[in-house]
Amino acid sequence: MEHLHELVANNAIVVSAIILLIAYIFIAWEKIPKVVIALLGGSLTLFLGLLATEKTHDNLAEYFVSFIDFNVIFLLVSMMIIVHIASKSGMFTWMANEILKRTKGKPKLVLVALAIFTGVTSAFLDNVTTVILVLPITFAACKLLDINPIPFLITEVFCSNIGGTATLIGDPPNIIIGSAAGFSFMDFVRELTGIVAIIMVVVIAMLIFIYRKDLKSSPEKMELVSKIDNSNSITDMNLAIRAGVVLLLVILGFISHDLTHIPTFLIAMIGASVLLIFEKPAEVLVEVEWNTIFFFVGLFIIIGGLEASGGIALMAKWLLEVTQGSQTATSMIILWASGILSGIIDNIPYTATMAPMIAAIEQTMGHVYAHPLWWSLALGACLGGNMTIIGAAANVIVSENAHKAGYPISFMQFLKYGIIVTMISLALSTVYIYFRYLVH
């Protein structure tokens, strides 16, 4: 065993890189649950001694717990609890139906309303929760209008991934980036909301044009949508008020972070704890996506092994050598590589690998140099999820539900629009990054 640990210690970068690469391959293969792969990789990292399993004064820097970002873990768990409790009341369904009624049942307006609702909601709730909320409303509206729901579903998926890019809590990659870079909720709003809004408007307009022949219905059918009965959408008014107030206060807490300096995860934890007072915790905690949480834990350990071995610093050095230290070239490589790779592989492990690399570049080149790199990573990793049907979890959920409802969306059908939307999103992001940060 000592001989093995000595061999691994002498080749730590190679061994940790191989573990990460094999984990990536199996995650992309999708035959084994990704949480299992992450935990196996994390266990192997610890077993081979790439990180210390016991805490001593000498090994604090290499102790495996130091590499698990608990800011990310607690923020994710807390927001999952808040969103689950809030959605039980029916408040989100009520909001979506109210928006639908105001469209007067006109198919193009219905598409715009559901797309914007999905995009805006995805900025505050995770994308998967948002599409799960909007799916039954979409199917019901399309049934009343007697039109194909596929244009609506595809538009909603794209908007969920675009909208999730706008804030710290909208998409897990942003939570990782926020924690690694020390960005607040308002930093994300200030830097990304404007460009995300532009991208969303352009994408919705393009999809309305592409699907214009499918977005037609009779006046009688349109009237049915305009008169949707929304009186029974809220199933528990007390819960809706309680959850609504807590959710609003949590978001206000995020917004006021620059004044209060209370960590984002702590604000979310307080909100979740308050709501749990009125619930049966065991019933609520069952609904937390523990697969996602333990996937993060395993992943942080695997990447921690590469970071402790010096592999991440080596990658950062290589990127700076390739770009010859050019801030523009480095930003653009990160933006486009993130966008394309996130369409093929899961954007969470990709971002978790890239974040410490940009942190290493920041240590070498300084905060001013690294600032646009973080936003390039956020835009690329989140927007790239629109490229393929497996690019983001929300895409998979929508395709599975569409298939069950008798409207299958094939890989190639999604790809046809996904490539166009991703390329437009990355092109607009390129212009934004260049003129916002790189022109001096």
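How each quantity is defined
- Residues numbered from 1 in each chain as written.
- Predicted model: local features only at pLDDT ≥ 70, side-chain atom pairs only at ≥ 80, totals over all residues.
- Heavy atoms only, no water.
- Helix = DSSP H or I, 4+ residues; strand = E, 2+ residues; numbered from the N terminus.
- Buried < 20%, exposed > 50% of the residue type's maximum accessible area, 1.4 Å probe, protein only.
- Contact = heavy atoms within 4.5 Å.
- Areas by Shrake-Rupley, 256 points an atom, 1.4 Å probe, with all protein chains shown as cover.
- Lys, Arg positive; Asp, Glu negative; His and termini not counted.
- Charge placed at Lys NZ, Arg CZ, Asp CG, Glu CD.
- Patch = residues over 30% accessible without salt bridge, like charges linked within 9 Å, V, L, I, M, F, W, Y side chains within 5 Å.
- Salt bridge = Lys/Arg side-chain N within 4 Å of Asp/Glu carboxyl O.
- Disulfide = S-S within 2.5 Å.
- Phe/Tyr/Trp six-rings, centres within 6.5 Å; stacked < 30°, edge-to-face > 60°.
- Lys NZ or Arg CZ within 6 Å of the ring centre and 35° of its normal.
- Axes fitted to C-alpha atoms, helices over the stretch in contact; angles between N-to-C directions.
- Parallel < 35°, antiparallel > 145°, perpendicular 65-115°, else oblique.
- Left-handed = near helix turned anticlockwise from the far one by under 90°.
- Nonpolar A, V, L, I, M, F, W, Y, C, P; charged D, E, K, R; others polar.

Can you lay out the overall build of the protein chain for me, pointing to particular residues and giving the numbers?
From N to C terminus, the protein chain includes 22 helices and 0 strands. Projected onto the principal axes, the alpha-carbon positions of the protein chain cover approximately 75 × 50 × 45 Å. Buried residues in the protein chain amount to 55% of all 440 residues. Of all intrachain contacts in the protein chain linking residues separated by at least 6 positions in sequence, the fraction that spans at least 24 positions is 80%. When the accessible surface of the protein chain is summed, it comes to about 19400 Å², and 67% of that surface belongs to carbon and sulfur atoms. Side-chain charges of the protein chain comprise 22 positive and 29 negative groups, with the mean position of each set lying 16 Å from the other.

Could you give an account of a positive patch on the surface, naming the residues involved and the relevant values?
Taken together, the side chains of Lys 108, Arg 212, Lys 213 and Lys 216 make up a positively charged region of the molecular surface. Within the secondary structure, Lys 108 sits in helix 6 (residues 107–122).

Now, about the state of the cysteines: what can you tell me, with residues and values included?
Summed over all chains, the structure comprises 0 disulfides. Not engaged in a disulfide, the cysteine Cys 142 finds its nearest cysteine sulfur in Cys 159; these two sulfurs lie 14 Å apart.

Which residues make up the pattern of salt bridges, and what are the values?
All chains considered together, the criterion is met by 7 salt bridges. Between Arg 190 and Asp 258 there is a salt bridge whose closest N-O contact spans 3.2 Å. Taken together, the residues Arg 190 in helix 10 (residues 185–210) and Asp 258 in helix 13 (residues 257–260) connect sequence positions 68 residues apart. Judged by its relative accessible area of 48%, Arg 190 falls in the partly exposed class. Linked through salt bridges whose partners overlap, the residues forming this network are Glu 98, Lys 101 and Arg 102.

Quick one: what's the story with the packing of aromatic side chains, residue by residue and with numbers?
One pass over the structure, following the stated rule, counts 17 aromatic pairs. With centroids separated by 5.7 Å and ring planes inclined at 75 degrees, the aromatic side chains of Phe 26 and Trp 29 adopt a geometry described as edge-to-face. Taken together, the residues Phe 26 and Trp 29, both in helix 2 (residues 12–29) and 3 residues apart, mark about one turn of the helix. With a centroid separation of 5.3 Å and 55 degrees between ring planes, the pair formed by Phe 158 and Phe 414 is classed as tilted. Of the two residues, Phe 158 sits in helix 8 (residues 150–163) while Phe 414 sits in helix 22 (residues 411–438), which places them 256 residues apart along the sequence. Accessibility assignment for this pair places Phe 158 and Phe 414 in one class, buried. An aromatic cluster of three or more residues is present, and its members are Phe 183, Phe 188, Trp 374 and Trp 375. The lysine or arginine in question, Lys 34, covers the ring of Phe 295, its NZ or CZ lying 5.0 Å from the ring centre.

Before we move on, can you summarise the side chain of Thr 103 with the specific residues and values?
One can find Thr 103 in the loop between helix 5 (91–101) and helix 6. Residue Thr 103 is classed as buried on the basis of its relative accessible area of 5%. The residues touching Thr 103, leaving out its near neighbours within four places in the chain, are Leu 109, Val 110, Ala 113 and Val 225.

Requested: an account of the packing of helix 17 (residues 311–322) against helix 19 (residues 347–365), with residues and values cited.
The contact between helix 17 and helix 19 brings their axes to 8 Å, and the two run at 65 degrees. When the axes of helix 17 and helix 19 are compared, the pair comes out roughly perpendicular. Considering only the axes of helix 17 and helix 19, their crossing is right-handed. Residues Ile 312, Ala 313, Met 315, Ala 316, Leu 319 and Leu 320 of helix 17 form the contact with helix 19, whose participating residues are Thr 353, Pro 356, Met 357, Ala 360, Ile 361, Thr 364 and Met 365. Of the residues in the contact of helix 17 with helix 19, the class split is 11 nonpolar, 2 polar and no charged.

Account for unusual backbone geometry, naming residues and giving values.
Even without a glycine there, the phi angle at Lys 104 is positive, about 60 degrees. Within the fold, Lys 104 resides in the loop between helix 5 and helix 6. For Lys 104, a relative accessible area of 56% puts it in the exposed group.

So what's going on with the packing of helix 18 (residues 327–344) against helix 19? Which residues, and what values?
Across the interface, helix 18 lies against helix 19 with an axial gap of 10 Å and an inter-helix angle of 160 degrees. Comparing the axis directions of helix 18 and helix 19 gives the class roughly antiparallel. Note that helix 18 runs across helix 19; the crossing there is right-handed. Note on element contacts: helix 19 touches helix 18 through Asn 347, Tyr 350, Met 354 and Ile 358, opposite Ile 334, Ala 337, Ser 338, Leu 341 and Ser 342. Each residue belonging to the contact of helix 18 with helix 19 can be placed in one class, and the counts come to 6 nonpolar, 3 polar and no charged.

So what's going on with a nonpolar patch on the surface? Which residues, and what values?
On the surface, a nonpolar cluster with roughly 910 Å² of combined accessible area is contributed by Val 14, Ile 18, Leu 21, Ile 22, Ile 25, Phe 26, Trp 29, Ile 32, Val 36 and Leu 40. Per element, the largest residue contribution to the nonpolar patch is 7 residues, and it comes from helix 2. By the secondary structure assignment, Val 36 is in helix 3 (residues 34–47).

Describe the environment of Ser 410, naming the residues involved and giving the relevant values.
When you line up the elements, Ser 410 lands in the loop between helix 21 (393–404) and helix 22. Overall, the relative accessible area of 38% leaves Ser 410 in the partly exposed class. Sequence separation between Ser 410 and Glu 307 is 103 residues; the distance between their C-alpha atoms is 39 Å.

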